[in-house]
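Survey of secondary and tertiary structure
Here is what each chain is made of, one letter per residue.
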Amino acid sequence: DAAALHARFADVAVAVGPPAPRESYLDPGRIIAAAKKMGAGAIHPGYGFLSENAKFAAAVEAEEGLVWVGPPSGAIAAMGDKIASKALARAAGMSVVPGGISAVESVEAAKEAAEQVGYPVMVKAAAGGGGKGMR
């Protein structure tokens, strides 16, 4: 990324590890170490990589001298679980899409739920992101 446009226009760019994301951008310890090395007072997660990682947010929140600029780690954890987030939204009186608030454990249970809700239906993984679980 050293030659990338965003790095060239930045006031300061810090290498956080080797090119493999797992060894750099996806390693919370490397991100926190880079922030502390540069004397940063806060970490904004941006988009992707660790932006929806509740453990990363919690690690930054716990780190002395650093402020997490984003949703609290508890909110990230709650929103990362589609079943828990739907129950939380219902409890807050918010409108939610029709459907159950528990995992569907079998094909028969899925068919019953679909009949109750009405077709068409969308089946989505309870965890994960990016729409990859939609079928």
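Look up a bit, the structure's there.
Residues numbered from 1 in each chain as written. Predicted model: local features only at pLDDT ≥ 70, side-chain atom pairs only at ≥ 80, totals over all residues. Heavy atoms only, no water.

Here's the deal with helix α4 (residues 73–80)
Stated precisely, the cut-off is as follows: Only protein chains enter the accessibility calculation, which uses a 1.4 Å probe. A residue is then buried if its area is under 20% of the maximum for its type, exposed if over 50%, and partly exposed in between. Only DSSP runs of H or I covering at least 4 residues are called helices, and only runs of E covering at least 2 are called strands; the numbering of each starts at the N terminus. Two residues form a contact once any of their heavy atoms are found within 4.5 Å.
Turning to α4, its buried residues are Ser-73, Ile-76 and Ala-78. For α4, the secondary structure elements touched by its buried residues are α3 (54–62), β2 (67–68) and α5 (82–91).

Let's talk about the nonpolar core
Put simply, the rule reads: By convention a nonpolar core is built from buried Ala, Val, Leu, Ile, Met, Phe, Trp, Tyr and Cys residues, the set being connected through side-chain atoms within 4.5 Å.
Judged by nonpolar contacts, the single largest core of 14 residues is most densely connected at Ile-31, Ile-32, Ile-43, Phe-56, Val-60, Leu-66 and Trp-68. For this core, the secondary structure elements donating two or more residues are α2 (28–37) and α3. The contact partners of Ile-43, leaving out residues within four places of it in the chain, are Ile-31, Ile-32, Ala-35, Phe-56, Val-60, Leu-66, Val-67, Trp-68 and Val-69.

Let's talk about the side chain of Lys-86
To keep it simple, the criterion reads: Just so you know, the count uses Lys and Arg for positive and Asp and Glu for negative, and it drops His and the chain ends. Salt bridges are counted wherever a side-chain nitrogen of Lys or Arg sits within 4 Å of a carboxyl oxygen of Asp or Glu.
When you line up the elements, Lys-86 lands in helix α5. It is Asp-81 that comes nearest to the buried, bridge-free Lys-86 among opposite-charge side chains, at 11 Å. What Lys-86 contacts, discounting residues up to four positions off in sequence, is Val-96, Val-97, Pro-98, Gly-99, Gly-100 and Ile-101.

Overview of the pattern of salt bridges
What the rule picks out here adds up to 3 salt bridges. For the salt bridge of Arg-30 with Asp-27, the shortest nitrogen-to-oxygen distance reads 3.7 Å. Relative accessible area serves as the criterion here: at 35%, Arg-30 is assigned to the partly exposed category. Look at Asp-27 and you get partly exposed, because its relative accessible area is 26%. Linking Lys-111 and Glu-108 is a salt bridge whose minimum nitrogen-to-oxygen distance equals 3.9 Å. Placement of both Lys-111 and Glu-108 in helix α6 (residues 107–117) is noted, with a separation of 3 residues, approximately one turn of the helix. Its relative accessible area of 48% is what places Glu-108 among the partly exposed residues.

Details of the packing of α3 against α4
The test is simple: To get an axis, fit a line to the C-alpha atoms, keeping to the stretch in contact for a helix; angles then go from 0 to 180 degrees between the N-to-C directions. Angle categories: roughly parallel below 35 degrees, roughly antiparallel above 145, roughly perpendicular from 65 to 115, and oblique for all the rest. Here the term charged refers only to Asp, Glu, Lys and Arg, the term nonpolar to Ala, Val, Leu, Ile, Met, Phe, Trp, Tyr, Cys and Pro, and the term polar to all other amino acids, Gly among them.
At their nearest, the axes of α3 and α4 sit 8 Å apart, and the two run at 175° to each other. One finds that α3 runs roughly antiparallel with respect to α4. Mapping the contact onto sequence places Ala-54, Ala-57, Ala-58 and Glu-61 in α3 and Ser-73, Ile-76 and Ala-77 in α4. Of the residues belonging to the contact of α3 with α4, the class tally is 5 nonpolar, 1 polar and 1 charged.

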